[in-house]
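The residues making up each chain are set out below.
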Amino acid sequence: MADPQVLLSLRGLKKTFDTQEALAGLDLDVYAGEFITLLGPSGCGKTTTLRIIAGLELPTQGSVFLDGEDITYLAPEKRAVNTVFQNYALFPHMNVYKNIAYGLSLKGVGRQEIARRVGEMLELVQLSGYEKRLPSQLSGGQRQRVAIARSLILSPRVLLLDEPLGALDLQLRRAMQHELKDMQQQLGITFIYITHDQEEALTMSDRIALMREGRFVQLDTPRGLYEQPRTAFAASFIGETNLINARAEAVKEDGVLLDIAGFHVPCASEDWLTPGEPLLLSLRAQRLHLSREPVSTPCRLSGTLVESHYAGGERASLVRLDDGQVLHTRASTEGEDLPEIGSQVYVWWQQESGVLVRDDREDVHA
Amino acid sequence: MRKKNPAWANVYMALLLLLLYLPVLVVVLFSFNSNPGRTANFLFEGFSLQWYESLFDPATGYGEPLRTSLMLALWSVLLSAALGTLGAIGLTRRPLRRRLLARAGSAALSFGEQVAVLPIMVPELVLGIALMALFTLMGLPFGMVTLVLSHVVFCVPYIFITVKGRLANLDPALEEAARDLGASPMQALYTITLPLALPAVVSGCLLAFAMSMDDFVISFFVNGPTTNTLPLKIYSSVKVGVPPHVNALCTLMLAVVFLVVAISQLYSARVNRRRQVQASGGARI
Amino acid sequence: MPKPRMDARPQASREAWAFPMLLYAALFVGLSLLYILGLSFMSRGTGYTAGLPLGGHNYARIASPLYLRSLLLSLRLAFFTALFCLLLGYPFAYFMARASARARTWLMLLLIVPFWTNALIRIYGWKILLSASGPINQALLTAGLIERPLRLLYTDFAVQVGMVYAMIPFMVLPVYSAVERMDWAMVEASRDLGATPLRAFLTVTLPMTLPGILAGLVLTFIPSIGLFFLSDLLGGSNTMLWGNMVHNELLKSRDLPFAAALSVVLLSLTGLVILLYRRMGGKAEGMVF
């Protein structure tokens, strides 16, 4: 992609409901053609952000820019932004055709032109032949397609999707994820997508903005977010991770030496580190290996195997370190050589799998 | 799943319905009575249509009150539909207010809403006397105007509550979706909210129409010397004796009511089955 | 920071739309009720006018055996009307809610038709039924159960029958909608946990349908106090209900302030009942079906 161009930006967005602070100052640049996901637990402010972009809510402070133009106070009907609502909000008294044609007919587009474009849209979402059906006569997945077609027909600059797959069962969800992603790439429309499902965010997005309590915790590519989480919250919200208490023994140029339960473990440094400070090391359960024999890598710990059970392709085990901390591991079951429960085991990993994260667990109810 | 009713339950329902219809059936039966007696007309002597034939004779005097009642009901329902529907639109999902002055205004609106639905609960007798006193104070001549003004008073709450119940049950996202797709607030109201509220408006209007046609007590107090509604006419006829014309008239009214209710019930049952749109909260008639 | 333009308000406030209705209610409901409250403290003038002196004399006059007896009679009648409506109407509503969808449509239809028919017509039917030479007496005479026609019409009994009859749909409809809305899984859960059918009914169904019962009681009790035409048509000359008192004072004695005082008493009673209803969690919306 050559020279990404900023399409939509949020500047210092704040929103207070009564006394409840929903957004605590958001800044974000969304690039043209991008699929960006706002990910976070319920109540983190992602829907509020979306509603402010759509114009359905006014921010208490801050601005929204579309193509450099301030649209913060522009009425929702005047924005080149459309929304796919959480429960689709299809008009129950209109059939599929009228639902999709709604936006165009408001613009006074001619009858034939509407018919042609609705036909195109129906084809795009594979619902040709369903024109006369009422929303109540459609399945969840079909409703979802109508909702998308109804918005896409207006060729919005940005399409906002508020948990569009939330009401669907798992299989349909998976299929729709691919379909949506394909559609987005085919049309080149910028998507701002909301979900609380980390897997959905990881598979679909170009970038993910992880949110918590009205703030962006981390804005990164799916890979960056998974491999290089910056805080304990980011590490534990996405994937299964172990957060291990550590102490920085020495900070060097090429890294830092940690003290974990008496083991000296090297790790890449972070610019915010200060020596002697208690730290958290994030270790993904999938990136940990178990061994009965001592291992030569310095990135290893030892403890007692407390629990172990078969979980299909991988085995979930619990290892208690000598200082009482417990590690979860998920190692491949391929050709495994199983240590006994209660025996001494070694846990090891590639150095880049251990990431130091900022401890923001205390802030959760701040 | 709910269990089936036991047989005795059906017998009970049938008996109660029979009791409910007994007086009505008697009226229907006696409307075909050939006994010409005017006062002691309690013996059924034979089949005759004489009371129907002479019902709309100017001499019998039922035509004019019928016309008055229909006009009255029509005007009352039209005015009430406008006031009640607008009221419901205005008072559903009001924004939360934080500033003191705005909060006071909000409280005033809530109080006003309570006053507006009061006629459902205030005994008709009290309302009738109060309106009569007020019209006297205002110097309004008693007649069609005072009748319509009074009927609107007790029709509005039925339409208001029915429509408000429907609007409150609508997903707020529907209007937002309309705005999002380019509709102005007005267009969203016309194209989405009003069509969805229409069934409730209609059922509220039917209810109000029946209430207006049926009202005796309030009309009794605010009626003028030259206006006479059907219930008032029936009351004065029945009070003196048992005039056989009333039987014929009542049978005709019953037939009309039965037809209207049957059509609307069957229609709404079919619409419900086909669309499975949630019925508005509480409003079902 | 810039003030938002008015057209930018995302949710347009439509409160102004309610003003016509609120204004109308303020004038014809609020003001007229306040006016009779004021009138009740005034004295009778000529014709339908009222004037000085001001005072509580109208209320002092009400506190006499004649009016208190009438009030008591009205309240008793209203109480039994509400009670009989509940006893007869609840089972009907309950069974109706459990009937099949098709049967429910028809039952509702059958129930609504009398409700939509003029109350006078239905009372009039009772007048025929109960009269000395009417069908009931005829039947009893033919069967040889009585020798002379019973005096049924123009009695308190006739008034009570007529009232229960006129009011019963107002009990059935709210109870029906409460039963219909109830989640039957809860009854099944209670049976599953070991309750007998009766106990399940008493501990689950009854409390769940209480809002409907309360609305029904209010809807049958309040109008019963004020129905003066019913006792006019079916009652004896000494069945003087509160409604008849008000009616007589106004149209025979032409004493507007005194009639106003009588109405205020009725209104206060109503207010008390509604307060009680509200206190027990009832809503005005519960009264329209």
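Whatever comes next refers back to the structure up there.
All figures in this text were calculated on a predicted structure; none of them were measured in a lab.

K.L.:
What is the right way to read the overall build of chain B from this model?
P.N.:
Helix and strand counts for chain B stand at eleven helices and zero strands. Moving toward the C terminus, one meets the helices and strands of chain B in the order α-α-α-α-α-α-α-α-α-α-α. Every one of the 285 residues in chain B was classed for burial, and the buried ones make up 48%.

K.L.:
Help me out: how do you make sense of the interface of chain C and chain B in this one?
P.N.:
Often, the extent of an interface is quoted as the loss of accessible area on bringing the components together. Between chain C and chain B, the contact holds 82 residues from the first and 80 residues from the second. When residues of the side of chain C that touches chain B are traced back to their parent elements, those giving at least two are helix H1 (19-39), helix H3 (65-98), helix H4 (101-116), helix H5 (119-130), helix H10 (210-226), helix H11 (228-234), helix H12 (242-251) and helix H13 (256-279) of chain C. In the side of chain C that touches chain B, the residues fall into 59 nonpolar, 16 polar and seven charged.

K.L.:
Just checking my understanding: could you explain the sheet that holds strand S2 (residues 20-31) of chain A for this structure?
P.N.:
Strand-to-strand pairing in sheets goes through backbone hydrogen bonds, with the strands running parallel or antiparallel. All names here are of chain A. Across the sheet, four strands lie side by side as S2-S1-S4-S5; this open sheet has antiparallel pairing. Either end of the sheet is taken by a strand with one partner, and the two such strands are S2 and strand S5 (69-70). Summarising the sheet, strand S1 (residues 6-17) and strand S4 (residues 61-66) pair through five bridges and their orientation is antiparallel. Bridge assignment links Arg 11 to a residue of S4, and that residue is Ser 63.

K.L.:
Even after reading the chapter, I still don't get the pairing of strand S6 (residues 81-84) of chain A, so can you show me in this structure?
P.N.:
On any regular strand, side chains alternate: one points to one face of the sheet, the next to the other face. Residue and element names in this part refer to chain A. Neither face of S6 is exposed, since Val 81 and Thr 83 on one face and Asn 82 and Val 84 on the opposite face are all buried. Examined bridge by bridge, S6 and strand S7 (residues 158-162) share four bridges and lie parallel to one another. Its bridge partner lying in S7, Thr 83 is registered against Leu 160.

K.L.:
How do you make sense of the nonpolar core when you look at a structure like this?
P.N.:
In globular proteins that are soluble, nonpolar side chains generally tend to be buried together. Within the largest apolar cluster, 260 residues are counted, with the highest numbers of intra-cluster contacts made by Ile 192 and Leu 210 of chain A, Ile 129 and Leu 131 of chain B together with Ala 93 of chain C. If one sorts the elements of this core by residue count, helix H7 (residues 156-181) of chain C sits on top with 17 residues. Not counting residues up to four positions away in its chain, the partners in contact with Ile 192 of chain A are Val 30, Ile 36, Leu 38, Leu 50, Ile 53, Val 158 and Leu 160 of chain A.

K.L.:
Whenever I open this one, the pairing of S7 of chain A confuses me. Can you help?
P.N.:
Burial of S7 of chain A is extensive: five of the five residues sit out of reach of the surface. Of the crossover connections in this fold, the one passing from S7 of chain A over helix H5 (residues 170-187) of chain A to the parallel strand S8 (residues 190-195) of chain A is right-handed.

K.L.:
Sorry, what's going on with unusual backbone geometry here?
P.N.:
It is generally the case that most residues other than glycine have a negative phi and that most peptide bonds are trans. Residues and elements named next belong to chain A. A positive phi is found at Asp 67, a non-glycine position, where the angle reads about 55 degrees. Its place among the elements puts Asp 67 in the loop between S4 and S5. Residue Asp 67 is classed as partly exposed on the basis of its 13 C-beta neighbours within 10 Å. With a phi close to 40 degrees, Ser 155 is a non-glycine residue in the positive phi region. Its place among the elements puts Ser 155 in the loop between helix H4 (140-152) and S7.

The rules behind each value
- Residues numbered from 1 in each chain as written.
- Chains lettered and ligands numbered in written order.
- Predicted model: local features only at pLDDT ≥ 70, side-chain atom pairs only at ≥ 80, totals over all residues.
- Helix = DSSP H or I, 4+ residues; strand = E, 2+ residues; numbered from the N terminus.
- Buried ≥ 20, exposed ≤ 12 C-beta atoms within 10 Å, placed from the backbone.
- Contact = placed C-beta atoms within 7 Å.
- Nonpolar A, V, L, I, M, F, W, Y, C, P; charged D, E, K, R; others polar.
- Pairing = 2+ DSSP bridges.
- Core = buried A, V, L, I, M, F, W, Y, C linked by C-beta atoms within 7 Å.
- Right-handed = clockwise from strand over helix to strand, strands pointing away.

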